[in-house]
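Survey of secondary and tertiary structure
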Amino acid sequence: MDLGVISVRYARALLKSATELKIEDQVYKDMTTLAESYVQVPALRSTIDNPMLQKDKKQHLLVTALGKTPQELSKRFVALVMKEDRESTLQFMAASYITLYRQQKNITRGKLTTAVAVSPATEAKMKQMVEAKTQGTVEFTTEVDPSIIGGFVLEYDTYRMDASVKSKLNKILVELKK
């Protein structure tokens, strides 16, 4: 069966169970932590995929990767995945859960890139603007990138507003070359 189909089916079942138990927000945090663990510790994937490592040690490692205080449902989910020999797809299941949860809760991811750090008030204003446009909640991140020289770049969904000095200078250079 297709990896994507398997991942989405498991994620849907987990989201359904979590929603029924009214703990979908906490399970979302667990799955987000798990997904981040795979990104921050690249050796996690190869360790979990190692057929020589005992199942109980893999399970303990995965439960640890869920964070400090994972929900019991998240732990049981990992146990089920291990029982069904699907641990190699757990990273994709976590990503699928995150996507499904965001769709269910109308959550958009947004990112603000600036040349220098902005005040919390400015960040909050930009977040409110995106929330007004999307009519939902926004998970907002900010990043400082001095290479844009000044201004900002705002991204959410498929929208990108580039009001950076760097892009304006590049446009001027393109015009001068014509």
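Whatever comes next refers back to the structure up there.
Turning to its location among the elements, serine 37 is positioned in helix 2 (residues 24-40). Leave out the neighbours within four places in its chain, and serine 37 touches Leu44 and Ala65.

Under the definition given, this model contains 10 salt bridges. The closest approach of N and O atoms between glutamate 87 and lysine 58, which form a salt bridge, is 3.4 Å. With glutamate 87 in the loop between helix 5 (72-83) and helix 6 (90-105) and lysine 58 in helix 4 (residues 55-65), this pair connects stretches of sequence that are 29 residues apart. Here glutamate 87 and lysine 58 have matching classes, each one buried.

Here we take up the pairing of strand 3 (residues 151-156). Of the strand pairs in this sheet, strand 1 (residues 107-114) and strand 3 are connected by 5 bridges, and their pairing is antiparallel. Pairing of threonine 114 across the sheet is with phenylalanine 152, part of strand 3. In this structure, strand 3 lies alongside strand 4 (residues 159-164), joined through 6 bridges in antiparallel fashion. If you follow glycine 151 over to strand 4, its bridge partner there is serine 164. Once strand 3 ends, the chain turns through 2 residues before running back antiparallel as strand 4, passing aspartate 157 with a positive phi of about 45°.

Right, let's talk about the nonpolar core for a bit. Ranked by internal contacts, the top residues of the largest apolar core, which has 32 residues, are Val27, Met31, Leu34, Leu62, Phe77, Leu90 and Tyr97. Those elements giving two or more residues to this core turn out to be helix 1 (3-20), helix 2, helix 3 (43-49), helix 4, helix 5 and helix 6. With 7 residues, helix 6 is the largest single contributor of residues to this core. Setting aside residues up to four positions removed in sequence, phenylalanine 77 forms contacts with Tyr10, Leu14, Met31, Leu90 and Met93. If you look at the next biggest cluster of nonpolar residues, it comprises 7 residues, including Met126, Val130, Val138 and Tyr156.

Before going further, it helps to examine the sheet that holds strand 4. Spatial strand order, 2-1-3-4: 4 strands in an open sheet with mixed pairing. Strand pairing shows two members of the sheet lacking a second neighbour, strand 2 (137-144) and strand 4, which therefore form its edges. Strand-to-strand twist of the sheet, defined as the mean angle between neighbouring strand axes without regard to direction, takes the value 15°. Sitting on the sheet, helix 8 (residues 165-177) touches strand 3 and strand 4, and the angle it makes with strand 4 is about 80°.

This next bit is on the environment of valine 41. Examined against the element boundaries, valine 41 turns out to sit in the loop between helix 2 and helix 3. Counting along the chain gives 38 residues from valine 41 to leucine 3, while the straight-line C-alpha distance between them is 22 Å.

What follows is about unusual backbone geometry. Positive phi values are uncommon outside glycine, yet asparagine 106 reaches one of about 55°. Here asparagine 106 is to be found in the loop between helix 6 and strand 1. Phi is positive for isoleucine 149, which is not a glycine, with a value near 70°. Position of isoleucine 149 relative to the elements: it lies in the loop between strand 2 and strand 3. Judged by relative accessible area, which is 52%, isoleucine 149 ranks as exposed.

The rules we used
Residues numbered from 1 in each chain as written. Predicted model: local features only at pLDDT ≥ 70, side-chain atom pairs only at ≥ 80, totals over all residues. Heavy atoms only, no water. Helix = DSSP H or I, 4+ residues; strand = E, 2+ residues; numbered from the N terminus. Contact = heavy atoms within 4.5 Å. Salt bridge = Lys/Arg side-chain N within 4 Å of Asp/Glu carboxyl O. Buried < 20%, exposed > 50% of the residue type's maximum accessible area, 1.4 Å probe, protein only. Pairing = 2+ DSSP bridges. Core = buried A, V, L, I, M, F, W, Y, C linked by side-chain atoms within 4.5 Å. Axes fitted to C-alpha atoms, helices over the stretch in contact; angles between N-to-C directions.

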